[in-house]
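The chain contents come next:
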Amino acid sequence: MLTGKEIRVNKEGKISSRQLSGCIFIGLLSPAIRLLPGLSAQLAGKSAWLSPVVAAIPALLFLLMMQSFLKNRGDGEGLTHMFFRSIGRIPGAVVSLVFAAWLFVYGGFILRTASERLISSVYENGNVGVFAITTAAAAALAAWGNMKSIVRTAEVFMPIIGFVIIVVLVMATGDVKPENILPVSVKDSGGIMLGAVPIINVVCGSGYFGFLYEYVNNAQKPFSETMKKMLFLLLLIIGIMITTIGTLSANLAVDLQNPFFIMIRNIIAFGVIERTEAIVIGLWVFTDFIFTSSLIAIITTILKTSFGAKSRRPFVIPAAALIVAWAFLISSNAFDLRKISETIIPAINLLFTVIIMPVIFIIGKARKKI
Amino acid sequence: MTVAICIAVALCGCSGSTIYSNYREVENLEVIRVVGIDEKDGGVTITAASGVGLDQSPPKIFARDGESISFALYSLQNNPVGKEPYFSHTENILIGQSKAESGIAGVLDYVERSTDMRLDTNIFVVKGEKAQEIVLGAAGEETGAADMLAFIEKDADKIGVGHVFTCGEVAASMASAGNALIMAIEPAETELISGGGGESMIKVSGYAVFENDKMVGFVDSQAAKGATMLMGYTKYIPVIVDAEEGTPVSLGITEIKTEFKPVYEDGQLENVNIKIEVMADIAEVDDKSSLSSEKARREKARLVSEKLYDNVEKAIEQSQKLEIDYMGLRDKVQMAEPEKFTNIRSKWNDIFKDIDFNISISTRLERTFDLNDPVSVNGEGNQSE
């Protein structure tokens, strides 16, 4: 005999917390590589490589909050259901839909930046629209299928991407000039803390994946695996900062669109191995693909649960289309795109993740509903 | 998911049928290895040279004028020159002296922005000449500028004549310090004793000094050796000193450790002590020089130190005369005592030109290879002291 909770079990089948954490890692790697070296160098200068250490504390607190938020969820329940419980069914649905509305814009932004990056680094005379539509089509196809497909793809690519980045970082270490990252004094602490803000913004993006816990096996502790992956991500970010700023200098890194990519283009290992950027560009496309398909899955999950639909599948194509529309609307050129990627987008992201989510969490806890 | 991955793979260029393919037939390409840039009536002249062909054909050299680098290169690619010039493998950029004097910001900007060129491309200034002249002069039946510059890149550090800087290093230095060094080169003739005459070649001629983006002077060859040492790029220097009775002793410097010790009084930088430790090997001696004696070895080491001292002193002297800290001594002084340096950081340029640098060099002989004392030629063998 089925109980109420069991009826809510999603037909898509369960994924594990570990699989989802891999998806989160791959997804967040894309903005981490694109945004952080330049923006953190701008805020923290040569000491930016210490910002991930500072960011680790608020990031850990955020992940602990997410863990506590989802700890008492029922089978087939995700963050949308916890919103319902915390602030009531209707307000919870409204807030969830506001999240979905933002994720449409954010998805469009991710799609546009991924396309712009391909043009600025490889396809000089390419068309943004073609790249955006192709990526969205691939992501929509992935999101149309079972959640297991997306997370397993991420699971397969995570060790490959992690390995390639580590190899690239090791190869780049020889070009690091100590004077580009040292000395660091107490007077740099303000800059280091400022530099931590965009890192916190990236890591807290993991909060959006809370909506996908509807598909995660209830027996597993939420976000515990994600904490390990985020720790690994922070270590990678430290490595990325040290090699990028150490090679190019903070002043030059600030001027470049994709300093990490430029640094990779300059790597020559043992005097013979060079032009490794082709591998990185190829894998970078996969991180964008995983992130975009995950965002479509998150949006459609919110819509399905908020509207009480049986399946999220009817929402997939319209969601992908809307994301593509936002990719075109979000800015008219690469200058504006860079500006909003450093200001408006992180600000709104932080508003949703470190303000709205905790407020709902506190209300839910106060009302003893979660 | 399979379909999705196929689309993603096609997008990232792994498929031959991708929408935006960069695929080109290799036999239709002329792989450019050297790009010379000269000033021409407010615009530039670009000289692009390939290397020696796989079929031993001589290097191909093309030239175009343009209002800017990108326009000149565009003109080169769009007006047939036999094959399509392919700039993704450009290894060296040569800047003519007049272009260097008028500014290289545009050159660095182009390289940083280009999807073809890379920031690790070597950059040189052609002393007293146009870049085109040195490229044309170096081109022979079996060699060209690309081969000669490849030799310089490989061996400049090893023989201590200087360091080949890349566009990235120059851009980073200009962005953080407002100045930079670029290796200077000039044409020369080889003293070929076979074949009836000399051949054109390229030789290193110190460094060109840039303030902001304009060349403001040169560092001569001797000072360049000292500057290369202070910047930490020297890997090997051959040194010859006169030992006992004026007989020459050849040594190879194998390792150099430099330590900067700023001396502060009441928060003000009084002077900077530069302590240099040198490790050297004996390369060649004649029969009059003793190596068994500690005293004799110390004497040879002292002479090496004296010789290197002159190079370092001249490097600092020229830098202070130009009032440009092109060796990045600021960073080295700062690294020694970061907290104290913070107070004088903004005044460094004023302080630098007058500050005393006290140089002390100590040399240690490490080995004499398989021969202890010079080869015995008097029929009685060497006697150890």
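**Points about a nonpolar patch on the surface**
Taken together, the side chains of Leu351, Val354, Ile355, Val359 and Ile363 of chain A make up a nonpolar region of the molecular surface, amounting to roughly 360 Å² of accessible area. By the element assignment, Ile363 of chain A lies in helix H16 (residues 344–366).

**Focus: unusual backbone geometry**
Most peptide bonds take the trans form, and the phi angle of most residues other than glycine is negative. Cis geometry is adopted by the peptide bond preceding Pro183 of chain A, which originates at Leu182 of chain A and carries an omega value of -5 degrees. Considering the arrangement of structural elements, one finds Pro183 of chain A in the loop between helix H8 (178–181) and helix H9 (189–204). The backbone of Asp266 of chain B sits at a positive phi, close to 55 degrees, despite the residue not being glycine. Residue placement: Asp266 of chain B occurs in the loop between strand S11 (248–265) and strand S12 (268–284). Looking at Asp266 of chain B, the relative accessible area reads 81%, which means it is exposed. We note that Glu323 of chain B has phi near 60 degrees; this positive angle belongs to a residue other than glycine. Relative to the assigned elements, Glu323 of chain B resides in the loop between helix H9 (294–322) and helix H10 (329–336). Judged by its relative accessible area of 44%, Glu323 of chain B is partly exposed.

**Topic: the side chain of Glu30 of chain B**
Residue and element names in this part refer to chain B. Within the secondary structure layout, Glu30 lies in strand S1 (residues 29–40). There is no salt bridge for the buried Glu30, and the closest opposite charge comes from Lys60, which lies 4.2 Å off by N-O distance. Ignoring anything within four residues of it in the chain, the contact list for Glu30 reads Ser50, Lys60, Phe62, Lys83, Glu84, Pro85 and Tyr86.

**A look at helix H2 (residues 69–78) of chain B**
Residue and element names in this part refer to chain B. Among all positions in H2, only Ile69, Ala72, Leu73, Ser75 and Leu76 are buried. Across the axial projection of H2, the buried residues extend over an arc of 155 degrees, all falling on one side. What points out from H2, more than 90 degrees from its buried face, is the exposed set Phe71 and Tyr74. Of the surrounding secondary structure, the elements contacted by the buried residues of H2 are S1, strand S2 (43–50), strand S3 (61–66), strand S4 (84–86) and helix H4 (105–113).

**Some points on the environment of Glu255 of chain B**
Residues and elements named next belong to chain B. Counting through the fold element by element, Glu255 comes out in strand S11. C-alpha separation for the pair Glu255 and Met279, spaced 24 residues apart in sequence, amounts to 5.0 Å. For Glu255, the residues in contact, after removing those within four places along its chain, are Glu277, Val278 and Met279.

**Some words on the sheet that holds strand S10 (residues 237–242) of chain B**
What holds strands together in a sheet is hydrogen bonding between their backbones, with the strands either parallel or antiparallel. All names here are of chain B. One open sheet accounts for four strands, arranged S10-S11-S12-S13; its pairing is mixed. Two strands in the sheet have a free side with no partner beyond their single neighbour: S10 and strand S13 (356–367). Direction aside, the axes of adjacent strands within the sheet are offset by 40 degrees on average. Summarising the sheet, S10 and S11 pair through six bridges and their orientation is antiparallel. When the sheet's bridge partners are listed, Ile237 is paired in S11 with Ile253. Packed on one face of the sheet, helix H8 (residues 221–231) meets S10, S11 and S12 and runs near 60 degrees to S11. Along the sheet, H10 makes contact with S11, S12 and S13, crossing S11 at roughly 60 degrees.

**Remarks on the pairing of S2 of chain B**
All names here are of chain B. Counting buried positions along S2 gives eight out of eight residues, so the element sits mostly inside the fold. Both S1 and S2 contribute to a ladder of eight bridges, which runs antiparallel. Note that in S2 the partner of Gly36 across the bridge is Thr47. In terms of strand pairing, S2 meets S3 through six bridges, oriented antiparallel. The partner of Thr45 across the bridge, within S3, is Asp65.

**A closer look at the packing of H2 of chain B against H4 of chain B**
All names here are of chain B. H4 packs onto H2 with a crossing angle of 60 degrees between their chain directions and a minimal axis gap of 10 Å. Comparing their axes, H4 and H2 come out oblique. Counting all contacts with H2, which are made through Ile69, Ser70 and Leu73, the residues of H4 involved are Gly106, Val107 and Tyr110. Considering only residue class, the contact of H2 with H4 consists of four nonpolar, two polar and no charged.

**Here's the deal with the nonpolar core**
Ranked by size, the top nonpolar core spans 235 residues in total, and within it Leu20, Tyr106 and Met357 of chain A together with Leu94 and Ile276 of chain B carry the most contacts. Per-element tally for this core: the top contributor is helix H13 (residues 277–307) of chain A, with 16 residues.

**Examining the interface of chain A and chain B**
By a frequent convention, interface size equals the accessible area lost on bringing the separate parts together. Contact residues are listed per partner, giving 44 residues for chain A and 37 residues for chain B. With both chains or domains summed, chain A and chain B bury close to 3500 Å², and 63% of this area falls on carbon and sulfur atoms. For the chain A face of the interface with chain B, the top three residues by lost area are Tyr123, Arg265 and Arg275 of chain A, together amounting to 18%. At the surface where chain A touches chain B, the tally comes to one salt bridge. With a closest N to O distance of 3.3 Å, Lys177 of chain A and Glu169 of chain B form a salt bridge. The interface formed by chain A and chain B includes seven residue pairs in polar contact (both at pLDDT 80 or more).

What counts, and where the lines are drawn
- Residues numbered from 1 in each chain as written.
- Chains lettered and ligands numbered in written order.
- Predicted model: local features only at pLDDT ≥ 70, side-chain atom pairs only at ≥ 80, totals over all residues.
- Heavy atoms only, no water.
- Patch = residues over 30% accessible without salt bridge, like charges linked within 9 Å, V, L, I, M, F, W, Y side chains within 5 Å.
- Areas by Shrake-Rupley, 256 points an atom, 1.4 Å probe, with all protein chains shown as cover.
- Salt bridge = Lys/Arg side-chain N within 4 Å of Asp/Glu carboxyl O.
- Helix = DSSP H or I, 4+ residues; strand = E, 2+ residues; numbered from the N terminus.
- Buried < 20%, exposed > 50% of the residue type's maximum accessible area, 1.4 Å probe, protein only.
- Lys, Arg positive; Asp, Glu negative; His and termini not counted.
- Contact = heavy atoms within 4.5 Å.
- Arc of directions from axis to C-beta.
- Pairing = 2+ DSSP bridges.
- Axes fitted to C-alpha atoms, helices over the stretch in contact; angles between N-to-C directions.
- Parallel < 35°, antiparallel > 145°, perpendicular 65-115°, else oblique.
- Nonpolar A, V, L, I, M, F, W, Y, C, P; charged D, E, K, R; others polar.
- Core = buried A, V, L, I, M, F, W, Y, C linked by side-chain atoms within 4.5 Å.
- Buried area = accessible area lost by both parts, 1.4 Å probe.
- Polar contact = N/O pair within 3.5 Å; in protein donor to acceptor, adjacent residues only side chain to side chain.

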